Amino acid sequence: MDLIRATGLLQPDQTVPGHALPMSQAFALHELDTDPPLSQRDLAERLRLEKSTVSRLAAELERKGLLARERDPANRRLYRLRLTDDGRALHARMAGTFHDRYVRWAAAMTRAERDALLTGLPALIRAVRHTH
């Protein structure tokens with residue numbers, strides 16, 4: 001909880017530093033920068049959100065020109081979510097922003113702390129996923 005509070009992620013209006021995009025949309029862009037495109041249901045599962053929430057999120061990203069929703073040719077009831085060129089470019093810029101922040105944070109840590117983080121954080125994520 002301290003990490004989430006320290007990074008400000010609990011704020012409902014929290015955006016990606018240097019970008020006017022809510023964190024929920026940033027996470028969606030990250031998950032959608034794949035090939036082949038994900039379905040809305042796949043995105044909902046990856047983000048652990050309700051399908052109706054993902055539908056609204058996708059509509060907003062589409063309105064911003066970052067995403068195209070296309071019918072799945074194999075199953076016309078499904079939409080596939082494909083990032084536009086603008087969406088991919090924004091994702092790349094945001095990834096750079098996050099990387100720069102990580103480098104600054106890691107530089108403020110000792111070598112032993114960085115090593116412990118590289119071991120402990122993946123273990124924590126794995127444990128959360130298996131017990132969630």
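*Asks:* Which parts of the structure should I look at to understand the overall build of the protein chain?
*Replies:* The number of helices and strands found in the protein chain is six helices and three strands. Starting at the N terminus, the α and β elements of the protein chain follow one another as α-α-β-α-α-β-β-α-α. Taking all 132 residues of the protein chain together, 27% fall into the buried category. Contacts in the protein chain between residues at least 24 apart in sequence constitute 45% of all its contacts with a sequence separation of at least 6. Entry remark: accessible area of the protein chain is about 9,200 Å², with carbon and sulfur atoms responsible for 56%.

*Asks:* What is the right way to look at unusual backbone geometry in this model?
*Replies:* One can expect most non-glycine residues to show negative phi and most peptide bonds to be in trans. In this structure, the amide linkage connecting D35 to the following residue, P36, adopts the cis form with an omega of 5°. By the element assignment, P36 lies in the loop between α2 (23-32) and β1 (38-39). Of note, R48 is a non-glycine position whose phi angle comes to about 55°, a positive value.

*Asks:* In this structure, what is going on with the nonpolar core? I would like to understand it.
*Replies:* When a protein is soluble and globular, its nonpolar side chains tend to lie buried together. Of all hydrophobic cores here, the largest spans 21 residues; its most connected members are L21, L29, L32, L43, L61, L67 and M94. Mapped by element, the contributors of at least two residues to this core are α2, α3 (40-47), α4 (51-63), β3 (75-83) and α5 (85-107). By residue number, the principal contributor to this core is α2, which donates five residues.

*Asks:* Would you explain a nonpolar patch on the surface in this entry?
*Replies:* On the surface, a nonpolar cluster with roughly 680 Å² of combined accessible area is contributed by Y102, V103, L117, L118, L121, L124, I125 and V128. Secondary structure elements with two or more residues in the nonpolar patch: α5 and α6 (111-131). Among the elements that make up the nonpolar patch, the one with the highest residue count is α6 (six residues). Structurally, V128 is set in helix α6. Overall, the relative accessible area of 42% leaves V128 in the partly exposed class.

*Asks:* What is the right way to look at the pattern of salt bridges in this model?
*Replies:* A side chain with one charge may pair with a side chain of the opposite charge, provided their charged atoms come close. In this structure the tally under the stated criterion is eight salt bridges. We note a salt bridge from R63 to E60, for which the minimum N-O separation is 2.6 Å. On the criterion of helical spacing, the pair formed by R63 and E60 is a turn pair, its members being three residues apart in helix α4. Exposure remark for R63: the relative accessible area of 60% places this residue in the exposed category. We classify E60 as partly exposed; its relative accessible area is 24%. Within this structure, D42, D72 and R80 form a network of salt bridges that share partners.

Conventions and cut-offs
Throughout, a residue's number is its position along its own chain's written sequence, starting from 1. Totals for whole chains, interfaces and linings use every residue, but because this is a predicted model, local features are given only for residues with pLDDT of at least 70 and side-chain atom pairs only at 80 or more, for both listing and counting. The side-chain numbers reported here are obtained from all heavy atoms of the structure, hydrogens and water having been left aside. Only DSSP runs of H or I reaching four residues or more are called helices, and only runs of E reaching two or more are called strands; each is numbered from the N terminus. Relative accessibility decides the category of a residue: with a 1.4 Å probe and only protein chains considered, values under 20% of the type maximum give buried, values over 50% give exposed, and everything between is partly exposed. Residue contacts are defined here by distance: any two heavy atoms, one from each residue, within 4.5 Å place the two residues in contact. Per-residue accessibility takes into account occlusion by the displayed protein chains alone, with areas from the Shrake-Rupley method and a 1.4 Å probe. Among the buried residues, those of types Ala, Val, Leu, Ile, Met, Phe, Trp, Tyr and Cys that are joined through side-chain atoms within 4.5 Å form a nonpolar core. Residues enter patches when they are more than 30% accessible in relative terms and free of salt bridges; like-charged ones are connected within 9 Å and nonpolar ones (Val, Leu, Ile, Met, Phe, Trp, Tyr) within 5 Å. The salt bridge definition used is simple: a Lys or Arg side-chain nitrogen within 4 Å of an Asp or Glu carboxyl oxygen.

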